[in-house]
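Residue strings, one per chain:
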Amino acid sequence: MSQRKRQDQDVCALILGGGLNGYSVARELHENGVENIVLFAGRRDFVFHSNIYTTVRIVPPEIGVLHQAIKLLHDDYNFIVTYPISDVYVESLYTLHRTIDDFCYIGFNPSTIHDLFSKSQQYTFCKEHNIPHPKTKNLIDYMLSRERDLTYPLLVKPDVWDQNTRDKKTFKTLVLNTEEDLEAQNERLSELMRQGINLLITEIVPGDDDTIYGYVAYRSKTGKILSEWIWRKLSQYPEGYGVFSTISNQGPDRVRELGREVFEKMNLHGINEIEFKYDARDDQFKYIETNFRSPMLIRLGRLTGVDVCYTQYLDATGVTPKKQVQIQDKNIHYVHFQSELLNLIARPGYITKFWRNIFSSDETYFSLFNPHDIMPMIYSIIELFQAAFQKMKPKKP
């Protein structure tokens, strides 16, 4: 693929997936002057009402459908820079990359991502490279073993969050506090494994939501980290294992150092997010997972002076990006208000944390508030009330 500077009218940014993830990527690109922004999403949601996109289409991640849609898009643009924001689109792009990479920039490294896409392979990699991580085993091996040497509480989760796990309505996380809990869930877990869902069981690193940290970066295909920033989670919904409610830009340099180390050792390309949890027992940050895509909280980078998504666009089109350094002399909070509101409703006594998250920072930003593009926020509020109404409706006997 040629790295000559490409003309803007010949290029489009293709965002694969809607919701807050896709909208945040589009917003960063738009604010940096990218003119052609195309959205392919599996279903229609509030972002379809945005004025940012050049084109919006319902294109599910099924390989044949996605391939045909990308080829049709190529009729309008000579070159396409892709931004998958969900694992299912990443998997589809991996399958398609050899057939489209002449005219598509696929950010990830296809020679490494396939082996590392499963969490079991990630933890095996960490063990081989002395990266601290929670002790983890395949659930089937653990259940058949006479020596169950993991320490409760334990977390059960799918090895890969793909279309198969979604189709079978598999849980994302299941907490087990005792051996009796495991026995009580035996039938349910066994049935999922019989259906071909590989499950992992892992020790839980103790600590509240605010002991979770992350590193987001863009690494070029020549192996240079061109853009990076860190975050700290202050709260999430549901508590313990869920979507962020509020994050900040405050974190120790050790998170940045560990993030770079993982990027280098895994030989990651493109935009990736590495998540860690601080373990006070041994004063270490434990590796939790890698997301091989732009994360839901990607906008905090833009708000703190680092444009990871735009950096990829520039690098993909043959333009050298400027060096950016994350603002950390201000305490900046980024709030997903929908999750904060759900926390306020569901968690007694949460008002203190709610107040801290919104009012204790130097600057606070809300995820969907955009005075230049107000409709996505309005429609997201409508969706929230519709979902709440559906939950309150009495079930038919």
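Residues numbered from 1 in each chain as written. Predicted model: local features only at pLDDT ≥ 70, side-chain atom pairs only at ≥ 80, totals over all residues. Heavy atoms only, no water.

## A short note on the overall build of the protein
Phase 1 of the analysis: When you go through the protein residue by residue, the secondary structure sums to 15 helices and 16 strands.
Phase 2 of the analysis: Compactness check: the protein gives a C-alpha radius of gyration of 21 Å against a globular reference of 21 Å for 397 residues, within 12% of the reference.
Phase 3 of the analysis: Principal-axis analysis of the C-alpha atoms gives the protein an extent of 60 × 55 × 45 Å.
Phase 4 of the analysis: When the 397 residues of the protein are sorted by exposure, 52% land in the buried category.
Phase 5 of the analysis: The long-range share in the protein, meaning contacts at least 24 apart out of those at least 6 apart in sequence, stands at 68%.
Phase 6 of the analysis: Carbon and sulfur atoms make up 51% of the accessible area of the protein, which totals about 18800 Å².
Phase 7 of the analysis: Separation of charge centres in the protein, based on 47 positive and 51 negative side chains, amounts to 2 Å. (Helix = DSSP H or I, 4+ residues; strand = E, 2+ residues; numbered from the N terminus. Rg over C-alpha atoms; globule rule 2.2 N^0.38 Å. Buried < 20%, exposed > 50% of the residue type's maximum accessible area, 1.4 Å probe, protein only. Contact = heavy atoms within 4.5 Å. Areas by Shrake-Rupley, 256 points an atom, 1.4 Å probe, with all protein chains shown as cover. Lys, Arg positive; Asp, Glu negative; His and termini not counted. Charge placed at Lys NZ, Arg CZ, Asp CG, Glu CD.)

## Here we look at helix α3 (residues 87–100)
Phase 1 of the analysis: The end-to-end C-alpha distance of α3 is 19 Å, a good match for the 20 Å that 14 residues give at a rise of 1.5 Å each.
Phase 2 of the analysis: Of all the bends found along α3, the most pronounced is centred on Tyr 94 and spans about 40 degrees. (Expected span 1.5 Å × (residues − 1). Bend = angle between axes of the 7 residues up to and from the residue.)

## Considerations on the packing of helix α13 (residues 337–346) against helix α14 (residues 351–359)
Packed helices, taken two at a time, are described by the angle their axes make and the gap between the axes.
Phase 1 of the analysis: Remark: α13 packs on α14, axes separated minimally by 9 Å, with the N-to-C direction vectors making an angle of 160 degrees. Considered as vectors, α13 and α14 are oriented roughly antiparallel to each other. Helix-helix and strand crossings are classified by hand; for α13 and α14 the assignment is left-handed. In this structure, α13 contributes Phe 337, Glu 340 and Leu 344 to the contact, and α14 contributes Ile 351, Phe 354, Asn 357 and Ile 358. (Axes fitted to C-alpha atoms, helices over the stretch in contact; angles between N-to-C directions. Parallel < 35°, antiparallel > 145°, perpendicular 65-115°, else oblique. Left-handed = near helix turned anticlockwise from the far one by under 90°.)

## A look at the sheet that holds strand β6 (residues 136–138)
Phase 1 of the analysis: Taken together, the four strands give an open sheet; going across it, the order is β6-β9-β7-β8, and neighbouring strands pair in antiparallel fashion. At either end of the open sheet lies a strand with only one pairing partner, and these are β6 and β8 (174–176). Going from strand to strand, the sheet's axes swing by 25 degrees on average, the running direction of each strand aside.
Phase 2 of the analysis: Those strands touched by helix α9 (residues 186–194) are β7 (154–158), β8 and β9 (199–203), and its axis lies near 135 degrees from that of β9. (Pairing = 2+ DSSP bridges.)

## Topic: the pairing of strand β12 (residues 243–248)
Phase 1 of the analysis: When you tally the buried positions in β12, you get five out of six residues, the bulk of the element.
Phase 2 of the analysis: Alignment of strand β11 (residues 225–237) against β12, held across five bridges, turns out to be antiparallel. Paired with Ser 235 across the strands is Thr 246, a residue of β12.
Phase 3 of the analysis: Summarising the sheet, β12 and strand β15 (residues 332–335) pair through three bridges and their orientation is antiparallel. Following the sheet pairing, Ser 248 is matched in β15 by His 333.

## Points about the environment of Ile 327
Phase 1 of the analysis: Looking at the element boundaries, Ile 327 is found in the loop between α12 (308–316) and β15.
Phase 2 of the analysis: Residue Ile 327 is classed as partly exposed on the basis of its relative accessible area, which comes to 34%.
Phase 3 of the analysis: When the C-alpha positions of Ile 327 and Gly 305 are compared, they lie 6.0 Å apart, and in sequence the two are 22 residues distant.
Phase 4 of the analysis: Residue contacts for Ile 327: discarding those within four places in its chain leaves Asn 249, Thr 304, Gly 305 and Ile 332.

## Considerations on α9
Given 3.6 residues per helical turn, the α-helix brings residues three or four places apart onto the same face.
Phase 1 of the analysis: Within α9, the full set of buried residues consists of Leu 189, Ser 190, Leu 192 and Met 193. Projected onto a plane normal to the axis of α9, the buried residues spread over an arc of 160 degrees and lie on a single side. Opposite the buried face of α9, by more than 90 degrees, sit the exposed residues Glu 187 and Arg 194.
Phase 2 of the analysis: Check the buried side of α9 and you find it contacts α6 (139–144), β7, β8, α8 (179–184) and β9.
Phase 3 of the analysis: Phi turns positive, to about 95 degrees, at Gly 196, one or two residues after α9. (Arc of directions from axis to C-beta.)

## Quick word on a nonpolar patch on the surface
Phase 1 of the analysis: A cluster of nonpolar side chains, contributed by Phe 337, Phe 366, Phe 369, Ile 374, Met 375, Ile 378 and Ile 382, occupies part of the molecular surface with about 560 Å² of accessible area.
Phase 2 of the analysis: With three residues, helix α15 (residues 375–392) is the single largest residue contributor to the nonpolar patch.
Phase 3 of the analysis: Summarising the element assignment, Ile 374 is placed in the loop between β16 (363–366) and α15. (Patch = residues over 30% accessible without salt bridge, like charges linked within 9 Å, V, L, I, M, F, W, Y side chains within 5 Å. Salt bridge = Lys/Arg side-chain N within 4 Å of Asp/Glu carboxyl O.)

## A short note on the sheet that holds strand β2 (residues 37–41)
Phase 1 of the analysis: Pairing is parallel across the open sheet formed by five strands, whose spatial order is β3-β2-β1-β4-β5. With partners counted over all chains shown, the strands left at the sheet margins are β3 (55–58) and β5 (104–105), one partner each.
Phase 2 of the analysis: Note that strand β1 (residues 11–16) and strand β4 (residues 79–84) share six bridges and pair parallel. Bridge assignment links Ala 13 to a residue of β4, and that residue is Val 81.
Phase 3 of the analysis: Sheet strands touched by helix α2 (residues 63–74): β1, β2, β3, β4 and β5. Its angle to β2, the strand with the most contacts, is close to 165 degrees.
Phase 4 of the analysis: Its contacts with the sheet put α3 on β1, β2, β4 and β5, and the angle it makes with β4 is roughly 155 degrees.

## So, the packing of aromatic side chains
Phase 1 of the analysis: Within the structure shown, the criterion is met by eleven aromatic pairs.
Phase 2 of the analysis: Arranged with centres 6.3 Å apart and planes meeting at 10 degrees, the rings of Tyr 310 and Tyr 313 form a pair that is stacked. Separated by three residues within a single helix, Tyr 310 and Tyr 313 lie in helix α12, roughly one turn from each other.
Phase 3 of the analysis: Its relative accessible area of 4% is what places Tyr 313 among the buried residues.
Phase 4 of the analysis: Judged by centre distance (4.2 Å) and plane angle (40 degrees), the rings of Trp 355 and Phe 359 are tilted. One end of the pair, Trp 355, and the other, Phe 359, are both in helix α14, four residues apart, so they sit about a helical turn from each other.
Phase 5 of the analysis: A relative accessible area of 54% means that Trp 355 is categorised as exposed.
Phase 6 of the analysis: Residue Phe 359 is classed as partly exposed on the basis of its relative accessible area, which comes to 49%.
Phase 7 of the analysis: An aromatic cluster of at least three residues, connected via ring pairs, comprises Tyr 123, Phe 276 and Tyr 287.
Phase 8 of the analysis: Above the face of the Tyr 105 ring, Lys 221 is positioned so that its terminal group lies 5.0 Å from the ring centre. (Phe/Tyr/Trp six-rings, centres within 6.5 Å; stacked < 30°, edge-to-face > 60°. Lys NZ or Arg CZ within 6 Å of the ring centre and 35° of its normal.)

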